[in-house]
Each structure stands twice: as structure tokens, then as C-alpha cells.
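# Chains, contacts and geometry: an overview
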Amino acid sequence: MTQDEMKKAAAYAALEYVESGSIIGVGTGSTVNHFIDALKTIKGSIKGAVSSSEESTKRLRAYGIEVFDLNEVTELSVYVDGADEINPYNAMIKGGGAALTREKIVAAVAKKFICIVDNTKNVDVLGGFPLPVEVIPMARSYVARELVKLGGTPIYRQGVITDNGNIILDVHAMKISEPLKTETAINALAGVVTNGLFANRGADVVLVGTPEGVKTLK
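So, here is what we can say about the structure in this document. (Residues numbered from 1 in each chain as written. Predicted model: local features only at pLDDT ≥ 70, side-chain atom pairs only at ≥ 80, totals over all residues. Heavy atoms only, no water.)

Take unusual backbone geometry next. The phi angle of most residues is negative, glycine excepted, and most peptide bonds adopt the trans form. Phi at Ala-98 takes a positive value of approximately 70 degrees, unusual for a residue other than glycine. As for its position among the elements, Ala-98 is in the loop between β5 (92–93) and α4 (100–109). Classification of Ala-98 as buried rests on a relative accessible area of 10%. Although it is not a glycine, Ala-173 sits at a positive phi angle of roughly 60 degrees. Within the secondary structure layout, Ala-173 lies in the loop between β9 (167–172) and α6 (179–187). Given the relative accessible area of 64%, Ala-173 is considered exposed. (Helix = DSSP H or I, 4+ residues; strand = E, 2+ residues; numbered from the N terminus. Buried < 20%, exposed > 50% of the residue type's maximum accessible area, 1.4 Å probe, protein only.)

Right, here's the structure in full:
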């Protein structure tokens, strides 16, 4: 199987967790695009979705799936999203598509977080993929200096503005052996909106596309 076929297999496997008549949370990225394609096949059985990005919203609406504002919803049965890296404890790095803040908010509301990935995303220690940090523009230089003190090499993601109007610093060369501690420390910096570590709210179920089929990790 190709990497894209493994992504697609994991995405379609997530349909098993979609409850009839529910509003579900939908993430962002190439694997999630496959999930939205899969969701189209059962769109008549769900009430709609809450989306974590403008890109996913457009795709959902193109298929005739109603998109709700999160403020109109008290809870979500599931949130389905991908990851850029995920460790054996279901902590992950997200935000390669710059939607990390909205992803983190929607994940917080969901009763269950289903992570869909291909097997290239599994790692023992997080940090090989640069850690995205969403920052209020005026704090960019200050936050970058503080990230250096934490052991990383921050690089400004040129030309990228988040859906919230902020910028992204990608932190390279940071070996993240304690994701929860690192997530908390970075989020405490003035000017940081949030960072792409999902350790405080990790995945409840991970569906991994492999050449042998989809593996379920809990």
C-alpha cells in the first residue's frame, strides 16, 4: 500500500466511531480529507460537523454536510483528526497545517478523540517533526528567545497567517521526552496562543494505516 492508501484506510475505519444523529468534530489535513470523503457516504445519518479549519469547512459544505459553530454545540461525541507525529502514549504533535489552536479547542469539547494516521507518523520520542507554536504577532521575537532557552530552534513560518490572524513559529531540534511538561511550559509564555503538543488531551483511540491493514491502538 502507498502512504496515501494507508491514510485512506485509517480514515474510512473511523466511520465506525461516528454515532447516528450526532454532530462530530472534524480536524484538518490530508488524512482528514479522506475522512471527509468517507463522511460523505453516511452524511444522511449525521446531524452535521464542527470544523477546525476553513479548509475543512469548505470541503464539508461542498458535500452538503452542515457545519456548526462550536458555540452552538454543548458536546461532540467524537473528534476525528490526524497527527504529524504520535508516540506510544498517544501524545502527539499537530499543526503542520497551522490549524492547531482550533484543533485543540474542538478536541477539548469531544468525548472521544479518534486519531487517524499512517504508520510513518509513529515515533518513540516526539520532536523529529518541528513543533508548531501559534503566537500573537507582536510577541514573535520574545517567544522565539524563550523557546531557545527551552532547547529548541524556532523558525518563523514565512507567509503563513493562521485562521485566527496569528503567526507560527516552528521549533526544530527539540527532543520532547516529557510532552505534557513541555506543552505546559510553552503555553505559559506570554504571547503564545497554544502549541502543537497534544499531551494534556491526547488521543483516546489511534487508527493506524499499515501495509497489513488498519491497527487500532488505545
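On the surface, Ile-136, Met-138 and Val-193 cluster together into a nonpolar patch covering about 320 Å² of accessible area. Mapping Met-138 onto the fold places it in the loop between β7 (131–135) and α5 (140–149). For Met-138, a relative accessible area of 80% puts it in the exposed group. (Patch = residues over 30% accessible without salt bridge, like charges linked within 9 Å, V, L, I, M, F, W, Y side chains within 5 Å. Areas by Shrake-Rupley, 256 points an atom, 1.4 Å probe, with all protein chains shown as cover. Salt bridge = Lys/Arg side-chain N within 4 Å of Asp/Glu carboxyl O.)

The next subject is helix α1 (residues 3–13). Three or more residues of α1 are buried, namely Met-6, Lys-7, Ala-10 and Ala-11. Taken around the axis of α1, the buried residues stretch over an arc of 135 degrees, which confines them to a single face. On its buried face, α1 is in contact with α2 (30–40), β6 (110–118), β12 (205–210) and β13 (213–217). (Arc of directions from axis to C-beta. Contact = heavy atoms within 4.5 Å.)

Turning our attention to α2. Taken across its 11 residues, α2 has 9 buried, putting it largely inside the fold. For α2, the full list of buried residues reads Thr-31, Val-32, Asn-33, His-34, Phe-35, Ile-36, Asp-37, Ala-38 and Leu-39. Here the buried face of α2 lies against α1, β1 (23–26), α3 (54–62), β3 (76–81) and β6.

Residue position: Thr-194 is located in strand β10 (residues 192–195). Look at Thr-194 and you get buried, because its relative accessible area is 6%. A polar contact is formed between the side chain of Thr-194 and the side chain of Lys-104, at a distance of 3.3 Å. Among residues more than four places away in sequence, those in contact with Thr-194 are Leu-100, Thr-101, Lys-104, Val-133, Glu-134 and Asn-187. (Polar contact = N/O pair within 3.5 Å; in protein donor to acceptor, adjacent residues only side chain to side chain.)

Moving on, we get to the sheet that holds β5. Reading across from one edge, β4-β5-β11 is the order of the 3 strands in this open sheet, with antiparallel pairing throughout. The sheet is open, and its two edges are formed by β4 (85–86) and β11 (197–198), each paired on a single side. Both β4 and β5 contribute to a ladder of 2 bridges, which runs antiparallel. Paired with Ile-86 across the strands is Met-92, a residue of β5. (Pairing = 2+ DSSP bridges.)

Relative to the helices and strands, Lys-94 is located in the loop between β5 and α4. Classification of Lys-94 as buried rests on a relative accessible area of 2%. A distance of 2.8 Å separates the side chain of Lys-94 from the backbone oxygen of Gly-82, its partner in a polar contact. Within the structure, the side chain of Lys-94 is placed 3.4 Å from the side chain of Glu-103, a separation counted as a polar contact. Sequence-distant contacts of Lys-94, that is, excluding residues within four places in its chain, are made with Asp-81, Gly-82, Ala-83, Asp-84, Leu-100, Glu-103, Phe-113, Pro-132, Gly-196 and Phe-198.

Moving on, we come to the pattern of salt bridges. Within the structure shown, the criterion is met by 11 salt bridges. Between Glu-183 and Lys-104 there is a salt bridge, with its nearest N and O atoms 3.0 Å apart. Note that Glu-183 is positioned in helix α6 and Lys-104 in helix α4, a separation of 79 residues in sequence. Judged by relative accessible area, which is 5%, Glu-183 ranks as buried. Here the salt bridges do not stand alone but share partners, grouping Asp-81, Lys-94 and Glu-103 into one network.

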